[in-house]
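Here's the letter readout for the chains.
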Amino acid sequence: MDKEKTRDEEKQQKDTSFDLSDYTIIKEGEAEILMHSKNQVFYNKTQVNNRDMSIAVLRTFISQRKLEHESMLDRRVKTGPKVPDKSVSEMEPPADSVQYNGKSNDGYELLEEMSSDEPCSISGAPTRNLQGKDREELKPARVLEALSASGLRALRYAREVEGIGQVVALDNDKVSVEACRRNIRFNGAVACSKLESHLADARVYMLTHPKEFDVVDLDPYGSPSLFLDSAVQSVVDGGILMCTATDLAVLCGGNGEVCYSKYGSYPLRGKYCHEMALRILLACIESHANRYKRYIVPVLSVQMDFYVRVFVRIYSSASAMKNTPLKLSYVYQCTGCDSFHLQPVGRTISKDNRLRYHPGFGPAIPQECSDCGKKFNMGGPIWSAPIHDQEWVASILADVKSMKERYPAYDRICAVLTAISEELPDVPLFLSLHNISATLKCTSPSAVMFHSAVINAGYRISGTHMNPLGLKTDAPMHTIWDIMRCWVKNHPVKAQPSNQAGSVILAKEPVLQANFAQAVASLSKAQAKKVARFLPNPERHWGPKLRAGRQITGKHVSLLGTKAVNAFSSFEDSDEPATKRKRTEDPDSNGGDTLY
């Protein structure tokens, strides 16, 4: 081990043609990157949760992919031999389309290497026209990180996830590509053998490499809508698309018209807005996939920190694509009591032993709310089918727990996955217990009492990973209000104006007599074992950081903190004049890595 370390250190010293004093070494997981002190390439410490969750999902995907391939081979053995040309799994990219030489791909011109050393690339092209058993072997997964910046995420994939053969990192910014290549060399032989960096527009690159990547990762600074059309075409059948959206102000209803223009859906500003953001993103990805006779199957959908992240598998099937309207719904939200109702876009009927598709029945609700008499706002369409695969969630959580030391953000992702594992999978959106109580102007019952009342009434209920006070239940809204009417009878409220929504609701007698006796299932397994599900931020000012290249000033105190701003200001005062003189006297004195 010591000899290997020495060789790696010697290689790093040989490849390092720049002054390390200008950089800070950042270590995350098994990867290390060099970050310039001037914030010239974007790095967001907060996204460690995102990267750890992605690695956990990717490990499960590699295992699942292997099992599916073995199952396919077993079926072929049972059904007999097929034509040789058709024996390759649909999950594998065509061998002829793979280039591992580190050079240009379909006309993409790469940057000149920053040193005279051999470029970092996979050595040797794969053997083509394989015959017999060799042709049946599952090839290592290929991963595309479409927006790589410093390359930290791609480096972690290459170094930490077994079963990955190649990682392609893209960026259309020359400085970012230079930084990524610098970081690849800095991480030694393993990174150089698996990872390559390209200067390219991700949209064009994905369009010119259809169905070539088992994994495509989209994590833009803002909305991913520009990349979705090309991304769904670049994933192989059965592959996985991992997509982040950080524009929650748009997705959660702050700019409804902008959301509609980007995602084709109108958001509503309910307490469930973060889950609606997830479902809008899923509906948008499905819409793009349908244009190419493809469809998605979500395996995990997460809202954390300041973003939403979805993991979906993509398949091709013209017949299965017809089920898409069954998975979409419009949402009607009352302007008075915040009750919401879903209107499915499509339905099916069986006729003459055939399944026929028709528009959904409507209207699902009257013009005025039956509970409070107010009007409805309409939003959507949203994805109303399950957003998680609970078997995947259980497998991911077990894998994370078995490799605790390999996840820097173990506590957070374990807490989130635990909360997700206890969600009702078939219930879209959620209620807020405090919001319900605020409508009636009453004190709120405890979560255990409310859970018990719903369970005793014959319905299911669970929490949600997006909100500690969120409740997912299949009980209809009139049952929820009956439970609250019974609660208010024992906990009276002050008289309110008769035209308010709460007064109208309480003026009606409950049809259901609620039973608040504690039910056995009122506490989840995690709650019973006192397992943490909602953790505080690990430090102050935890959130998105500045774009690369932007200067930090006094106005960023609320974002980064006084200490960080003062430290950067001190660096500016002491180093900037010397740096300017150095650039003027000799622009190439630091080995060509001076960045303007």
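Residues numbered from 1 in each chain as written. Predicted model: local features only at pLDDT ≥ 70, side-chain atom pairs only at ≥ 80, totals over all residues. Heavy atoms only, no water.

**Some points on the overall build of the chain**
For step 1, the next point in the chain: Across its full length, the chain carries 19 helices and 17 strands.
For step 2, the next point in the chain: Here the chain holds 596 residues, and the buried ones make up 51% of them.
For step 3, the next point in the chain: In the chain, the share of contacts with a sequence separation of at least 24, taken over all contacts with a separation of at least 6, comes to 70%.
For step 4, the next point in the chain: Carbon together with sulfur atoms contributes 52% to the accessible area of the chain, which is approximately 28200 Å² in total. (Helix = DSSP H or I, 4+ residues; strand = E, 2+ residues; numbered from the N terminus. Buried < 20%, exposed > 50% of the residue type's maximum accessible area, 1.4 Å probe, protein only. Contact = heavy atoms within 4.5 Å. Areas by Shrake-Rupley, 256 points an atom, 1.4 Å probe, with all protein chains shown as cover.)

**Examining a positive patch on the surface**
For step 1, the next point in the chain: A surface patch of positive charge is lined by K322, K351, R354 and R356.
For step 2, the next point in the chain: Structurally, the position occupied by R354 is in strand β13 (residues 354-359).
For step 3, the next point in the chain: R354 gets classed as exposed once you look at its relative accessible area, which sits at 55%. (Patch = residues over 30% accessible without salt bridge, like charges linked within 9 Å, V, L, I, M, F, W, Y side chains within 5 Å. Salt bridge = Lys/Arg side-chain N within 4 Å of Asp/Glu carboxyl O. Lys, Arg positive; Asp, Glu negative; His and termini not counted. Charge placed at Lys NZ, Arg CZ, Asp CG, Glu CD.)

**Overview of the confidence of the model for the chain**
For step 1, the next point in the chain: Here the chain averages 82 in pLDDT, while 77% of its residues score no lower than 70.
For step 2, the next point in the chain: The low-confidence segment residues 86-135 (pLDDT under 50) makes 107 contacts with residues lying over four places distant or belonging to another chain.
For step 3, the next point in the chain: Confidence drops under pLDDT 50 across residues 568-596; counting only partners more than four residues distant or on other chains, this segment forms 30 contacts. (pLDDT = per-residue confidence, 0-100.)

**Quick notes on the sheet that holds strand β3 (residues 141-145)**
Sheets are built from strands paired through backbone hydrogen bonds, the pairs being either parallel or antiparallel.
For step 1, the next point in the chain: Taken in spatial order, the seven strands of this open sheet run β5-β4-β3-β6-β7-β9-β8, and their pairing is mixed. Whereas interior strands pair on both sides, the edge strands pair on one side only; in this sheet they are β5 (195-199) and β8 (294-304). With strand direction ignored, the average angle separating the axes of adjacent strands in the sheet is 15°.
For step 2, the next point in the chain: Where strand β4 (residues 164-171) lies against β5, five bridges are found, and the strand directions are parallel. By the bridge assignment, A169 is partnered in β5 with S197.
For step 3, the next point in the chain: Together, β3, β4, β6 (213-218), β7 (235-245), β8 and β9 (307-316) form the strand contacts of helix α2 (residues 48-79), whose direction differs from that of β9 by roughly 20°. (Pairing = 2+ DSSP bridges. Axes fitted to C-alpha atoms, helices over the stretch in contact; angles between N-to-C directions.)

**Digging into the sheet that holds strand β17 (residues 467-473)**
For step 1, the next point in the chain: Spatially, three strands are ordered β15-β17-β16 in an open sheet, and the strand pairing comes out antiparallel. Of all the strands in the sheet, the pair left with one neighbour each is β15 (431-432) and β16 (461-464).
For step 2, the next point in the chain: As defined by bridge partners, β15 adjoins β17 across two bridges and the pair is classed as antiparallel. Within β17, the position partnered with L431 by the bridge is L471.

**Quick word on the state of the cysteines**
For step 1, the next point in the chain: Inspection of every chain in the model, using the stated rule, returns zero disulfides.
For step 2, the next point in the chain: Left unpaired, C284 is separated from the closest cysteine sulfur, that of C243, by 8.5 Å.
For step 3, the next point in the chain: Given the relative accessible area of 4%, C284 is considered buried. (Disulfide = S-S within 2.5 Å.)

**A look at the packing of α2 against helix α12 (residues 410-421)**
For step 1, the next point in the chain: At a closest axis distance of 9 Å, the pairing of α2 and α12 adopts a crossing angle of 65°. As for how α2 packs across α12, the hand of that crossing is right-handed. Touching N49, D52 and M53 of α2 are Y410, R412, I413, V416 and L417, all from α12.
For step 2, the next point in the chain: Residues belonging to the contact of α2 with α12 are distributed by class as follows: five nonpolar, one polar and two charged. (Left-handed = near helix turned anticlockwise from the far one by under 90°. Nonpolar A, V, L, I, M, F, W, Y, C, P; charged D, E, K, R; others polar.)

**Observations concerning helix α13 (residues 433-440)**
For step 1, the next point in the chain: Within α13, six of the eight residues are buried, which leaves the element mostly enclosed by the surrounding structure.
For step 2, the next point in the chain: Summarising the contacts, the buried residues of α13 are in contact with β15, α14 (447-456), β17, α15 (477-490) and α16 (501-506).
For step 3, the next point in the chain: At the exit of α13 stands K441, carrying a positive phi of roughly 60°.

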